[in-house]
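Report on the structure
If you want the building blocks of each chain, they are given just below.
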Amino acid sequence: FPYTTLFRSDEMKSRVQVTSSLKDFESVDFVLEAVNENLAAKERVFRDLSRVVSPESILASNTSSISVTKLAASSSRPENAIGMHFVIPVVLSKIAEIVPGLPTSRDTLSKTVALAKSMGKVPIVATDSPGFIAFRLLTPYINEAAQMVQDRVATVEDIDQLMRLGLSVPKGPLEMADIVGLDTCLAIMKQLYGEFADPKYRPAQLLSRYVDAGWLGRKTGRGFYVYPQWK
């Protein structure tokens with residue numbers, strides 16, 4: 001993490017308030033949800049929040065693949081709904097994907113772009129299409145790497161090392177999968193496959209098996225790699 005971020009960690013923590021009550025969102029101008037990559041769960045959050053926040057408040061979703069238009073429809077004010085996707089690790093990523101749905105107003109879009117800039121992020125506006133930009137590229141790349149491990153083309157370590165040293169990417173695809181979460185990767189692949197019905201988006205069986213086993217990556221201590229310190 002950047003030194004300045006570590007140095008200011010106490011100051012940043014002092015700005016954070018934790019709550020379990022939606023009533024505490026009554027005076028909030030901008031809400032960004034980041035629950036599981038599940039349409040029903042996100043729709044429920046949007047429905048509940050739209051009953052609490054002010055009519056001018058913006059409801060944003062950190063979804064990486066779900067239709068913002070569908071989420072907006074679950075709100076009582078769809079013109080105030082938008083996607084604002086941060087690619088992890090957020091503190092190191094320089095971009096924010098801004099995704100307006102069909103009913104999103106220009107005012108909502110301009111305010112969200114301005115907010116991203118105020119955070120020091122470069123806002124990239126994407127069309128409301130499955131996976132948007134980042135994960136429509138990243139997740140099939142991860143899925144193909146998982147398929148290569150399944151087909152015994154190469155080991156997990158060799159695939160990641162080749163991509164790091166050969167193409168100068170900071171993380172190999174399977175390292176990245178463990179950071180994102182294998183359950184999230186699988187959910188996005190299913191979303192892409194369901195929307196496009198294209199075989200290139202069919203989830204690798206190995207990815208599905210790992211998720212079935214509860215091997216979700218760093219957050220569970222095991223994914224394509226083992227993380228004893230995370231258990």
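Right, let's walk through the structure included here.

What counts, and at which threshold
Residues numbered from 1 in each chain as written. Predicted model: local features only at pLDDT ≥ 70, side-chain atom pairs only at ≥ 80, totals over all residues. Heavy atoms only, no water. Helix = DSSP H or I, 4+ residues; strand = E, 2+ residues; numbered from the N terminus. Rg over C-alpha atoms; globule rule 2.2 N^0.38 Å. Contact = heavy atoms within 4.5 Å. Areas by Shrake-Rupley, 256 points an atom, 1.4 Å probe, with all protein chains shown as cover. Lys, Arg positive; Asp, Glu negative; His and termini not counted. Charge placed at Lys NZ, Arg CZ, Asp CG, Glu CD. Axes fitted to C-alpha atoms, helices over the stretch in contact; angles between N-to-C directions. Parallel < 35°, antiparallel > 145°, perpendicular 65-115°, else oblique. Nonpolar A, V, L, I, M, F, W, Y, C, P; charged D, E, K, R; others polar. Pairing = 2+ DSSP bridges. Buried < 20%, exposed > 50% of the residue type's maximum accessible area, 1.4 Å probe, protein only. Right-handed = clockwise from strand over helix to strand, strands pointing away. Core = buried A, V, L, I, M, F, W, Y, C linked by side-chain atoms within 4.5 Å. Expected span 1.5 Å × (residues − 1). Arc of directions from axis to C-beta. Phe/Tyr/Trp six-rings, centres within 6.5 Å; stacked < 30°, edge-to-face > 60°. Lys NZ or Arg CZ within 6 Å of the ring centre and 35° of its normal.

1. With respect to the overall build of the chain
Counting its regular elements, the chain contains ten helices and five strands. Since a compact globule built from 231 residues should have a radius of gyration of about 17 Å, the 19 Å found for the chain is in line with a globular shape. In terms of overall dimensions, the chain has a C-alpha envelope of 55 × 45 × 30 Å along the principal axes. Residue pairs in contact within the chain that sit at least 24 positions apart in sequence constitute 64% of those at least 6 positions apart. Total accessible area computed for the chain in this model is approximately 12,900 Å², and 56% of it derives from carbon and sulfur atoms. Separation between the mean location of the 27 positive side-chain charges and that of the 25 negative ones in the chain comes to 1 Å.

2. As for the packing of helix α8 (residues 173-180) against helix α9 (residues 182-196)
Closest axis-to-axis distance for the α8/α9 pair is 6 Å, and the angle between their directions is 100 degrees. One way to sum up the angle between α8 and α9 is to call them roughly perpendicular. Here A177, D178 and V180 of α8 lie close against α9, whose contacting residues are L182, T184 and C185. In terms of residue class, the contact of α8 with α9 is made up of four nonpolar, one polar and one charged.

3. Some details on the sheet that holds strand β5 (residues 122-125)
A sheet is described by the order of its strands in space; here five strands give the open sequence β1-β2-β3-β4-β5, paired in mixed fashion. In this open sheet, the two edge strands, each paired with only one partner strand, are β1 (30-33) and β5. Each strand axis lies, on average, 30 degrees off the axis of its neighbour in the sheet, ignoring direction. Where strand β4 (residues 95-100) meets β5, four bridges bridge the pair, whose relative direction is parallel. If you follow I95 over to β5, its bridge partner there is V122.

4. Thoughts on the pairing of strand β2 (residues 58-61)
Neither face of β2 is left uncovered, since the one carrying I58 and A60 and the one carrying L59 and S61 both have all their residues buried. As paired strands, β2 and strand β3 (residues 81-86) are joined by three bridges and run parallel to one another. Within β3, the position partnered with A60 by the bridge is I82. With respect to chirality, the unit in which β2 leads through helix α4 (residues 68-73) into the neighbouring parallel β3 is right-handed.

5. Focus: the nonpolar core
With 28 residues, the main nonpolar core has L174, L182 and F224 as its most contacted residues. Residue assignment for this core shows that the elements contributing at least two residues are α6 (134-150), α7 (156-167), α8, α9 and α10 (205-212). Not counting chain neighbours up to four residues away, the residues in contact with L182 comprise A177, L207, Y210, V211, W215, L216, G217, G223 and F224.

6. Comments concerning α7
Note on helix geometry: an α-helix contains 3.6 residues per turn, so any two residues three or four positions apart are oriented the same way. Its twelve residues give α7 an end-to-end C-alpha distance of 16 Å, which sits within 8% of 16 Å, the value for a rise of 1.5 Å per residue. Considered for burial, the residues of α7 that qualify are V156, I159, D160 and M163. Down the axis of α7, the buried side of the element spans an arc of 95 degrees, and every buried residue falls inside it. Among the exposed residues of α7, those oriented more than 90 degrees off its buried face are L162, L165 and G166. Looking at the buried side of α7, the elements it contacts are α6 and α8. Directly after α7, the chain includes S168, whose backbone phi takes a positive value near 60 degrees.

7. As for the packing of aromatic side chains
In this description, a pair of aromatic rings is defined by centroid distance and the angle of the planes. Tallied over the full model, the rule gives three aromatic pairs. Aromatic pair Y210 and W215: ring centres 5.2 Å apart, planes at 70 degrees, arrangement edge-to-face. The structure contains a cluster of three or more aromatic residues connected by ring pairs, namely Y210, W215 and F224. When the ring centre of W215 is taken as reference, the NZ or CZ atom of R222 above it lies at 3.7 Å.

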